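A closer look at the structure
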Amino acid sequence: MSAPLVVFGEDWGAHPSSTQHLVSRLAADRSVLWVNSIGLRRPRLDARDLARLLAKARAIAGRAPSRPASMPEPEGPRPARILSPLAIPWPGSHPAEAVNRRLIGRQVRRVMAEMGMERPILWASLPSAVSVVGALGERAVVYYCGDDFGALTGVDHAPVLEMEARLAACADLIVAASAPLAQRFAGRNVLLLPHGVDYDLFATPCARPADLPEGRVAGFYGSVSDWLDIGMLVRAAQALPDWRFVFIGPVQTDVSPLAGLPNVRFLGPRPHTALPGYVQHWDVALIPFRDTPQIRACNPLKLREYLASGTPVAATRFPALTPYEGLVHAIDPGGDLTPAIRAAAQDHDGTARKAAVAAEGWDARAARLSAALDAL
């Protein structure tokens, strides 16, 4: 069996991240201990953070899963063990980091001993894991960089970037999800590994969900956050009153200008396995991003999922879109999305879109990554 992994990531099952897609496949022939998030910012005294802290406490006590109740356990292989550690979420505090090194290290080593795990590869998808580097008897350190933490919403940017720099300096391998992220670590051992797609899930025909509005639909799924151009969407919805604009996912920004329009629907989060049924029955799938540092560095999973479904796509341009731009009705950021939606609605041949991503499945990505891990 290949070298075991101790993976420091987000909360397992909270959302279908690239780390979870990859690790679920690596877990087929590796022993994996998954360590839930130890935080990238100090908690605030507001309702949202208090609810999250309560959920964390329940998960630590083993009384509830750390993922939202609306999200079922991801399908397929899973880590052998999932640990919700007791830790101090205070990026930038050296005393907190010292305490976390001892506290988290003790908890992880205990579970490793229970699993009979020795000399694992330490995989860090979050810079906060730098606090335990060297404390687990690891044979190698891998930094999986899937986001620009200097621009990511909900992160204490300065201290997290400082932790990332230290983590990258001691990493034996850096895996970057996009070319802009890879360029940040020039001169180091970097593997550029773009995101994959669960092709069979999104390409296999599904029934139309009962809660999808009738008529022509332009849809988006994912976090409804400040990286979406709300003004652009308002203008498109107003210009296309006979269309329904549907959004699936948690709302994390002010959407009041959109929510007040009669042809806009927010359906809330849906399980990942339910998404193909929605996107396959939209007339047009949307990626209406703003031009921000975070978006320039991103490689969104939904792009390949949309293409695998065969549904036409209207999107704003960003670097990761470039290889697929001939398959997408693209406009410059800040432009008028309405003509792109109208043009996409006339594009009925999904064969080329599906073919473009058919060989980019997560299994192939995981196999390439597994070979790189075995070489450490």
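Each remark here, short or long, concerns the structure printed above.
First, a word on what this report is: a plain description of the structure on this page.

So, how was this worked out
- Residues numbered from 1 in each chain as written.
- Predicted model: local features only at pLDDT ≥ 70, side-chain atom pairs only at ≥ 80, totals over all residues.
- Heavy atoms only, no water.
- Helix = DSSP H or I, 4+ residues; strand = E, 2+ residues; numbered from the N terminus.
- Rg over C-alpha atoms; globule rule 2.2 N^0.38 Å.
- Buried < 20%, exposed > 50% of the residue type's maximum accessible area, 1.4 Å probe, protein only.
- Contact = heavy atoms within 4.5 Å.
- Areas by Shrake-Rupley, 256 points an atom, 1.4 Å probe, with all protein chains shown as cover.
- Lys, Arg positive; Asp, Glu negative; His and termini not counted.
- Charge placed at Lys NZ, Arg CZ, Asp CG, Glu CD.
- Salt bridge = Lys/Arg side-chain N within 4 Å of Asp/Glu carboxyl O.
- Core = buried A, V, L, I, M, F, W, Y, C linked by side-chain atoms within 4.5 Å.
- Polar contact = N/O pair within 3.5 Å; in protein donor to acceptor, adjacent residues only side chain to side chain.
- Pairing = 2+ DSSP bridges.
- Axes fitted to C-alpha atoms, helices over the stretch in contact; angles between N-to-C directions.
- Patch = residues over 30% accessible without salt bridge, like charges linked within 9 Å, V, L, I, M, F, W, Y side chains within 5 Å.
- Expected span 1.5 Å × (residues − 1).
- Phe/Tyr/Trp six-rings, centres within 6.5 Å; stacked < 30°, edge-to-face > 60°.
- Parallel < 35°, antiparallel > 145°, perpendicular 65-115°, else oblique.
- Left-handed = near helix turned anticlockwise from the far one by under 90°.
- Nonpolar A, V, L, I, M, F, W, Y, C, P; charged D, E, K, R; others polar.

Further remarks concern the overall build of the chain. Across its full length, the chain holds 14 helices and 13 strands. Taken over C-alpha atoms, the radius of gyration comes to 21 Å for the chain, in line with the 21 Å a tight globule of 376 residues would show. Summarising its shape, the C-alpha atoms of the chain cover approximately 60 × 45 × 40 Å along the three principal directions. Residues classed as buried in the chain amount to 53% of the 376 residues present. A separation threshold of at least 6 residues defines the contact pool for the chain, and within that pool the share at least 24 residues apart is 72%. Put simply, the chain shows about 15800 Å² of open surface, and 54% of that area lies on carbon and sulfur atoms. Charge centroids of the chain, computed over 39 positive and 36 negative side chains, lie 5 Å from each other.

This brings us to the pattern of salt bridges. Here the structure, examined in full by the defined rule, presents 16 salt bridges. Between Arg 317 and Glu 325 there is a salt bridge, with the nearest N and O atoms lying 2.5 Å from each other. Accessibility expressed as a relative area gives 34% for Arg 317, which makes it partly exposed. Put simply, Glu 97, Glu 162 and Arg 166 are held in one network by salt bridges that share partners.

Below, the discussion takes up the nonpolar core. Formed by 58 residues in total, the largest nonpolar core has its most connected members in Phe 245, Trp 282, Leu 286, Tyr 306, Leu 337 and Ile 341. Val 108, Val 130, Phe 149 and Val 155 belong to the second-largest nonpolar core, a separate cluster that totals 37 residues.

Assignment of secondary structure puts Glu 138 in the loop between strand S4 (121-124) and strand S5 (140-145). Although Glu 138 is buried, it forms no salt bridge, and the closest oppositely charged side chain is Arg 101 at an N-O distance of 7.0 Å. Looking at Glu 138, its side chain comes within polar contact range of the main-chain nitrogen of Leu 136, at 3.2 Å. Ignoring anything within four residues of it in the chain, the contact list for Glu 138 reads Pro 120, Leu 122, Val 132 and Val 133.

Moving on to the environment of Ala 367. Examined against the element boundaries, Ala 367 turns out to sit in helix H14 (residues 362-374). The partly exposed category is assigned to Ala 367, whose relative accessible area is 47%. Along the chain, Ala 367 and Val 111 lie 256 residues apart, while their C-alpha atoms are 27 Å from each other.

A few words now on the sheet that holds strand S13 (residues 329-331). The sheet built from 6 strands is open, its strands ordered S10-S9-S8-S11-S12-S13 with parallel pairing. Among the strands making up the open sheet, the edge pair consists of strand S10 (264-268) and S13. The sheet shows a mean angle of 20° between the axes of neighbouring strands, taken without regard to direction. In this structure, strand S12 (residues 313-316) lies alongside S13, joined through 3 bridges in parallel fashion. Its bridge partner lying in S13, Ala 314 is registered against His 329. Where helix H11 (residues 301-309) meets the sheet, its contacts fall on strand S8 (216-221), strand S11 (284-287) and S12, and the angle it forms with S8 comes to roughly 145°.

The next subject is a positive patch on the surface. Taken together, the side chains of Arg 101, Arg 102, Arg 106 and Arg 109 define a basic patch exposed on the protein surface. By secondary structure assignment, the location of Arg 102 is in helix H3 (residues 94-115).

Here the focus is helix H4 (residues 157-170). When the terminal C-alpha atoms of H4 are compared, their 20 Å separation across 14 residues agrees well with the 20 Å that a helix rising 1.5 Å per residue should span. Where H4 is buried, its residues contact H3, S4, S5 and strand S6 (173-176).

Now for the packing of aromatic side chains. As enumerated under the stated definition, the model contains 10 aromatic pairs in all. Ring geometry for Trp 282 versus Tyr 306: centroids 6.2 Å apart, planes at 80°, classification edge-to-face. Here Trp 282, found in the loop between helix H9 (275-279) and S11, pairs with Tyr 306, found in helix H11; they are 24 residues apart in sequence, far enough to count as distant. Note on Trp 282: relative accessible area 4%, which makes it buried. Take Tyr 306: its relative accessible area is 0%, and that puts it in the buried class. Ring geometry for Phe 289 versus Phe 318: centroids 5.4 Å apart, planes at 55°, classification tilted.

The subject of this paragraph is the side chain of Ser 225. Along the chain, Ser 225 falls in the loop between S8 and helix H7 (230-239). Given a relative accessible area of 3%, Ser 225 falls into the buried group. One polar contact links Ser 225 to Gln 252, side chain to side chain, over a distance of 2.9 Å. Every residue in contact with Ser 225, bar those within four places of it in the chain, is listed here: Gln 252 and Thr 253.

Bringing H3 into the picture now. When the terminal C-alpha atoms of H3 are compared, their 31 Å separation across 22 residues agrees well with the 32 Å that a helix rising 1.5 Å per residue should span. All buried positions along H3 are accounted for by Ala 96, Glu 97, Asn 100, Ile 104, Gly 105, Gln 107, Val 108, Val 111 and Met 112. For H3, the secondary structure elements touched by its buried residues are strand S1 (5-8), strand S2 (32-35), strand S3 (81-83) and H4. One or two positions beyond H3, positive phi appears at Gly 116, with a value near 70°.

Looking now at the packing of H7 against helix H12 (residues 337-345). Remark: H7 packs on H12, axes separated minimally by 8 Å, with the N-to-C direction vectors making an angle of 55°. Classified by the angle between their axes, H7 and H12 sit oblique to one another. Helix-helix and strand crossings are classified by hand; for H7 and H12 the assignment is right-handed. Residues Met 232, Leu 233, Arg 235, Ala 236 and Ala 239 of H7 lie in contact with H12, whose contacting residues are Leu 337, Thr 338, Ile 341 and Arg 342. Its residues assigned to classes, the contact of H7 with H12 shows 6 nonpolar, 1 polar and 2 charged.

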